[in-house]
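# Reading the structure
These are the residues of each chain, in order.
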Amino acid sequence: MSPANMRRLAIIIAGIALAIVVGPYRMVGDYVQFIVAALSFYFIAVLSVNMLAGLCGIWSLGHTAYMAIGAYTAANLTKMGVPVEVIVLASISLSFVVGYILGLSAGRFSVLYFGLLTMALALAGTEIIGHWTAVTGGDDGMKVGKAITLFWPQPIETKNAAMICVILATLAYLVGEAVTNSQLGRRWLAVKGQRIASMSIGLKPHVENATAFGMSAAIASLAGIGMAFSMAYIDPVAFSLDSGVTLIVGTVVGGIGSTLGAVVGSAFITAVPELARDAQAIANFVYGGAMIAVLLFLGEGIVPAIRHRIRHWKGRDKVNTNVPRQAVDAEAMTKLVSELMPPARHTLSLNAVSVQFSGLKALDDVTFDIAPGTAVGLIGPNGAGKTSLLNVLSGFYKPLASTTVKLGDADILALPPSGRAALGMGRTFQHAELFPELTIRQMLLTVAALGRPLRRANQIALNEPEAVAERIIGGLGLAPYADYMPSELPFGVQKVADIGRVLAIGASVVSMDEPFSGLDEHERSELRAILRGMRSAGVSILIIDHAVQEVLSLADKVVVLDFGKMLATGEPDSIRRNPEVMKAYFGSSHHVEPSPEISTKEPANG
Amino acid sequence: MGDLPAVIVSGIVSGSAYALLALGIVIIFRSTDTVNFAIGDIGTLAVFMTATMIAAGLPIWLGLIAAIVIAGLLGIITERTLIRPLGHSRNYVFIALVVTIGLGLLIHAGIFVGWGTRPQAFPVLIEGTVKMFGIALTWNKILAAGIAAVAMIAIAWFFKKTPFGIAMRATADDPVAARMVGIDSGRVAAIAWFLGCGIAAIASFFLAADTSLNPNLTLSPLFRAFAGVFLGGLTSMAGAVIGGFTIGVLDNVAGRYISASYRDTMVFAIIVLVLFIRPAGVLGAGRKERV
Amino acid sequence: MADTKTKGGTVAVAGIVHRYAGVLALNGVSLDVQPGTFTAVLGPNGAGKSTLAQILCGVLRPTQGSVTVDGVARTRRSRRAFVEDGVVLVPEGRRLFGQLTVRENLLLGAYGARCGTVEMHRRLAETLPLMPRAVQEGQERAAATLSGGEQQMLAVGRAIMAAPRTIVLDEPSLGLAPILIDKVYEVLGQLNASGVTVVVIEQIAAHAMRYAKSLTVLDRGSIVYSGSATDDAAEEALKVGYLGHAT
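In this text, all values refer to a predicted model and were calculated from it rather than measured experimentally. (Residues numbered from 1 in each chain as written. Chains lettered and ligands numbered in written order. Predicted model: local features only at pLDDT ≥ 70, side-chain atom pairs only at ≥ 80, totals over all residues. Heavy atoms only, no water.)

## Concerning the overall build of chain A
Note the following rule: Starting at the N terminus, helices and strands are each numbered in turn, a helix being any DSSP run of H or I of at least four residues and a strand any DSSP run of E of at least two. Per-residue accessibility, obtained with a 1.4 Å probe over protein chains only, is compared with the maximum for each type, and a residue is labelled buried under 20%, exposed over 50%, and partly exposed between these values. By the convention used here, residues are in contact when the closest approach between their heavy atoms is within 4.5 Å. Here the open area of atoms and residues is found with the Shrake-Rupley method and a 1.4 Å probe, where only the protein chains shown may cover a residue. In summary, the charge assignment counts Lys and Arg as positive and Asp and Glu as negative, without counting His or the chain termini. A single reference atom marks each charge: NZ on Lys, CZ on Arg, CG on Asp, CD on Glu.
If you tally the helices and strands in chain A, you get 25 helices and 12 strands. With respect to the three principal axes, the spread of C-alpha positions in chain A is 90 × 55 × 50 Å. Relative to its full complement of 606 residues, chain A shows a buried share of 57%. Long-range contacts, defined here as pairs at least 24 residues apart, represent 74% of the contacts in chain A between residues at least 6 apart. Accessible area of chain A: about 24100 Å², with a carbon and sulfur share of 62%. One way to put it: in chain A the 46 positive side-chain charges average out to a point 4 Å from where the 46 negative ones average out.

## Comments concerning the overall build of chain C
Helix and strand counts for chain C stand at 9 helices and 10 strands. When the 247 residues of chain C are sorted by exposure, 57% land in the buried category. A sequence separation of at least 24 residues applies to 68% of the contacts in chain C between residues at least 6 apart.

## Some words on the interface of chain B and chain C
Accessible area lost on assembly of the parts is the figure often given for the size of an interface. Just so we agree on the cut-off: Once two parts are put together, the accessible area they lose, assessed with a 1.4 Å probe and summed over both, is termed the buried area. Basic side-chain nitrogens of Lys or Arg form a salt bridge, by our definition, when they fall within 4 Å of a carboxyl oxygen of Asp or Glu. Pairs of N or O atoms are called polar contacts if they sit within 3.5 Å, as long as, within protein, a hydrogen donor faces a hydrogen acceptor (for residues adjacent in sequence, only side-chain-to-side-chain pairs).
The interface is formed by 22 residues belonging to chain B together with 20 residues belonging to chain C. Each partner contributes to the roughly 2100 Å² buried at the junction of chain B and chain C, and carbon and sulfur atoms together form 57% of this total. Interface area lost by chain B to chain C is led by Arg179, Met180 and Val181 of chain B, which between them contribute 33%. Applying the counting criterion to the chain B and chain C interface returns 3 salt bridges. The closest approach of N and O atoms between glutamate 104 of chain C and lysine 160 of chain B, which form a salt bridge, is 3.9 Å. On inspection of chain B and its partner chain C, the count reaches 5 residue pairs in polar contact (both at pLDDT 80 or more).

## Comments concerning the sheet that holds strand β4 (residues 360-370) of chain A
Residues and elements named next belong to chain A. Basically, it comes down to this: Think of it this way: DSSP has to see at least two bridges between two strands before they count as a pair. As a rule, the C-alpha atoms of each element are fitted with a line to give its axis, helices using only the stretch in contact, and angles between N-to-C directions run from 0 to 180 degrees.
Strands sit in the order β4-β3-β6-β7 across an open sheet of 4 strands; the sheet is antiparallel. The open sheet terminates on both sides in strands that have one partner only, identified here as β4 and β7 (410-411). Where strand β3 (residues 348-357) and strand β6 (residues 404-407) come together, 4 bridges link them in antiparallel fashion. Residue pairing across strands places asparagine 351 opposite threonine 404, the latter belonging to β6. With respect to the sheet, helix α16 (residues 386-394) is in contact with β3, β4 and β6, its orientation differing from that of β3 by roughly 115°.

## As for the domain arrangement of chain A
All names here are of chain A. Note the cut-off: How far each domain reaches was decided by an automatic or database domain assignment. Each residue receives one of three labels: charged for Asp, Glu, Lys and Arg, nonpolar for Ala, Val, Leu, Ile, Met, Phe, Trp, Tyr, Cys and Pro, and polar for the others, Gly being one of them.
Structurally, chain A comprises domain 1 (3-240) and domain 2 (330-432 + 508-599). Computed from C-alpha coordinates alone, the two centres of domain 1 and domain 2 are separated by 49 Å. With 8 residues of domain 1 at the interface, the matching set in domain 2 holds 7 residues. Buried area between domain 1 and domain 2, both sides added, is near 580 Å², and the carbon and sulfur share of it is 76%. Counting the surface domain 1 buries against domain 2, the share from its top three residues, Ile196, Met199 and Ser200, is 68%. Applying the counting criterion to the domain 1 and domain 2 interface returns 0 salt bridges. The interface formed by domain 1 and domain 2 includes 0 residue pairs in polar contact (both at pLDDT 80 or more). For the side of domain 1 that touches domain 2, the class distribution of residues is 5 nonpolar, 2 polar and 1 charged.

## A few points about a negative patch on the surface
Heads up, the rule is: Patch membership is restricted to residues that have no salt bridge and whose relative accessible area is over 30%. Joining uses 9 Å for like charges and 5 Å for the nonpolar side chains Val, Leu, Ile, Met, Phe, Trp and Tyr.
A cluster of acidic residues, Asp231, Asp232, Glu235 and Glu236 of chain C, forms a negative patch on the protein surface. Residue classification places glutamate 235 of chain C among the exposed residues on the basis of a relative accessible area of 51%.

## Some words on the pairing of strand β5 (residues 375-379) of chain A
Each regular strand shows side chains that alternate between the opposite faces of the sheet. Residues and elements named next belong to chain A. Taking burial as the measure, the 5 residues of β5 include 5 buried ones, the bulk of the element. Alternating residues of β5 divide into Ala375, Gly377 and Ile379 and Val376 and Leu378, and every residue in both groups is buried. When β5 meets strand β10 (residues 540-544), the two strands line up parallel, connected through 4 bridges. Its bridge partner lying in β10, valine 376 is registered against leucine 542. One ladder, built from 4 bridges, connects β5 with strand β11 (residues 557-562); its direction is parallel. Of the residues in β11, the one forming a bridge with leucine 378 is valine 559.

## Things to note about the pairing of β11 of chain A
All names here are of chain A. Of all 6 residues that make up β11, 5 are buried, and the element is covered over most of its length. Pairing of β11 with strand β12 (residues 565-570) involves 5 bridges; the strand directions are antiparallel. Bridge pairing in β12 places leucine 561 opposite methionine 566. Two successive antiparallel strands, β11 and β12, enclose a turn made up of 2 residues, where phenylalanine 563 displays a positive phi of approximately 50°.

## As for the confidence of the model for chain A
Here is the rule we go by: As a per-residue measure, pLDDT reflects the predictor's confidence and takes values from 0 up to 100.
Confidence in the prediction for chain A averages 87 pLDDT; 93% of positions are at 70 or higher. Low pLDDT, under 50, characterises residues 587-606 of chain A; the predicted model gives this stretch 40 contacts beyond four residues in sequence or across chains.

## Quick look at the environment of leucine 218 of chain C
All names here are of chain C. Looking at the element boundaries, leucine 218 is found in strand β9 (residues 214-219). Since its relative accessible area comes to 0%, leucine 218 is described here as buried. C-alpha of leucine 218 to C-alpha of valine 29: the two residues are 189 residues apart in sequence and 9.0 Å apart in space.

## Thoughts on the packing of aromatic side chains
Applicable threshold: Put simply, two rings from Phe, Tyr or Trp (the six-membered ring, in Trp's case) pair if the centres are within 6.5 Å, and we call them stacked under 30 degrees between planes, edge-to-face over 60, tilted for the rest. By definition, being over a ring means that NZ of Lys or CZ of Arg is both within 6 Å of the ring centre and within 35 degrees of the ring normal.
What the rule picks out here adds up to 21 aromatic pairs over all chains. Ring centres of phenylalanine 43 of chain A and tyrosine 173 of chain A lie 5.8 Å apart, and the angle between their planes is 25°; on these two criteria the pair is classed as stacked. Taken as a pair, phenylalanine 43 of chain A in helix α2 (residues 30-56) and tyrosine 173 of chain A in helix α7 (residues 162-180) lie far apart in primary sequence, 130 residues in all. For the pair formed by phenylalanine 43 of chain A and tyrosine 173 of chain A, the shared burial category is buried. Relative to phenylalanine 213 of chain A, the ring of phenylalanine 114 of chain A has its centre 5.7 Å away and its plane inclined at 90°; by these criteria the two rings are edge-to-face. In this pair, phenylalanine 114 of chain A is assigned in helix α5 (residues 111-131) and phenylalanine 213 of chain A in helix α10 (residues 205-231), connecting sequence segments 99 residues apart. Here the two residues phenylalanine 114 of chain A and phenylalanine 213 of chain A agree in accessibility, since each one is buried. Linked through ring pairs, Phe158, Phe159 and Phe164 of chain B together with Tyr111 of chain C together constitute an aromatic cluster. The residue whose ring lies beneath arginine 108 of chain A is phenylalanine 109 of chain A, and the NZ or CZ to ring-centre distance is 5.9 Å. The aromatic ring of phenylalanine 435 of chain A is capped on one face by arginine 501 of chain A, whose charged end is 4.9 Å from the ring centroid.

Here's what the structure looks like:
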């Protein structure tokens, strides 16, 4: 059994054992039952907030609204004699839908602003609760009937409802763990870390956010159900703004993005006030002081701080950057690429590309083709419009209506940024833009899974995400770095990994933004080999770079932009001699001398 | 709708407290990326202290100055001892937020121990009322709005014209570059917390003069101030002031003409609407995204 | 202001080792910048150039080693950089205060050097003539609205406002068209002629080599050449620095 499954089994056994202890056999007293119930439903609530913050970077101050949905659903449905199982299904569905709709807009706002938005919703919720007396009982609260379940002959006593809370908490824990360690969780981390790059691999950030928010809301509603049954009476104060803030406290104190952190955090917000209850005068001193002390001394929260210390104590070794990487040669690269994707079949044609910003034309009537399996270089002085063109191709700028961009017969401009990956279009980034919270292996695994339909459609034999990721790691010489986070790796390795990402999605038409920038000569020569290898495997490449010499030596065709207009286009040799181009770069018309650091190794006309 | 001018005027008057608190929140956020939930409590504690001094014979206008200075110093101490040691981790904004929540609880407990739970009497600055658009406004409120306006103008002048004010704006723009040109980031943070908490004390002072002095003095105004901050833009000082006043007016208008019991919902519905059109607030800086 | 004219002429680092989160960036670097010289520090990307620039100006505190300004140890001080000591950095990517006006950006340069209001405006009047037209005429514009070349000049101007004795520029030519790079170097040449020590850190050698008298080549965290910029040894050192010994 894998360690992950062992863990799951251990959690299930622990959950069932605890449920039996607090259950109807009266093995513990009422007070213990009450405390276990409170710990359980606060754990569920904190977990839902914690998961959302850790995996998506979305902070909700209004998750109490979903607890309210769960609680009032339970209260109303028990009156009609509906069993707990159905109540659970009803309230998670309802909360998921509400959360999904709200989550769709998360990307529009900065983190704090979206927090406010969720808070506004919770606030409106409390006013609604106060006035919609038929369903909520208003400010007086509402009685909850006994829980009926399909698996137990008689209704469950209120104090024994702790059992329900424990079972729900165990379920929530399992779901939390499963999401964190799955493709779903990795996708959310990708979107959280690099929104733009995540779109380039075909993810739709708003859909990922909405799904996450919906799931988190559904989990939060479980907390409400547990609360309703174990208290037998719903007090609207439980869904006030203060409670929403308390969930944030639990999240931060326990540790963000950690299921275990949610356990510790919920224990903190339940137990600390409870322990100080006998001393009303100092209760707030203890609670406030503990909050500050934990964060001042443990930084990221209790669980991550302890983990960090354990790792430090074990002495995990750092990646060794003094050993130069095994360089990739062009031939091996060609082989790697042809195993992963078919040669490009369609011409990418840009026709009359024009972009306008507040009356100023950033791009004016730019027209050129990229034939299958060729490399086109795009050069031009700063402000020439190179980046704008890339943004049109990636879908972030909307060009004027006269513009058409087609890959074969497919109209690229009709597709959102995330839709272009499915056609086999990919891009790399000037600053690599790897996903900061995924290791190289996790990133490749995630992207390879997303690239599956494309590879299947092209009848590529190698298609299992694990196999694809392994092949890329081996082929690009990334093995020593595969289990490290991008921030731990040298920049050159990050750039190679960025190319790995394009291979994993299976893109056969690739735009590269400044591939040579930030690389030393050693890394540049390796990159040249990689690009040559990709091209001879039939990948169409658009290279946009300031390193003119590199572009001239690699490209089959070069397009020169100046002030948004096409200044020249043609083979590298003709561009090199073009007086207009000289003028744009130097202000006078002398030839582009190969700069000394490159000329000694590779003649510019080679 | 004949009393609309009156409703607006009284909205502006109550909005001046929100605007002051909002301005304080923004000044602190811009300098140290900290959303200070304890700003109202720091102001309230300072007013409790000065109330004791006033009761012992301190002239009331000196009391106002004392409140500003005490709150400002408490702000500096908070930044030094609780905020700066947090460093700059990935989730810094929310960690700092929870620390200030904790501080708010501590201050509450402190006031409870020092002054008990019963509201304290607080002297009125000027007696009497004046009729305006058919409603009676206390001179107290009008004076409060006037002093708030003076404080805001002084702050605007400070940030626009003095070299140190410009340096503070530069630090908000790019803290690393500010250090590179020789600006002392520690001093910038200290002054920002002093100013932010100091103007919060002005708001607390007049809120106390208006009603009575109690530990929850700023609870609901602070909440409205936050609404104003988000409406105007978390990074814009002018936006915070406009936002604060707007909330004051909206709150009054919604309460008078729509429904007193759905007041908060109405105000927030309008903010949410505005945010969907301007996701970073009316005057806030848009998000920079690297493409 | 006679005082500032004598401060900060000599910056020296010795035995510098620097690590970022454990990754070695500089490994035993020693460099003496003589007063009044024009020094180019060249090397491929990842050689540790920016790290060295930041350490020279007190923006970054090295993991190990000593930094001295005018012979006085300055290793421990880094919160306000060495601006007051007459050593100023023009950082990579310019790092202007984009939302502030052009004029405010310039004034801050002097403010950082602890300079009074009168002196501040005197320096402003002296610095403006060195600036391109857009800067001179658009003093109330937000700095972010300037073009790349104008921004680079403004960044140099902001540094000049501190009346430095040593000015360190980190990749001033990055992202600029050659014609604009020439303009930046022209101003640097003028500064150097007036007695200011100039250190340029560059990846592309061409422009820096035209002005620099002394040269330091950095490769993978170590100095591989330090000496005159004009003799054959320098040319050989550059080749080795960029290409390795294989050629």
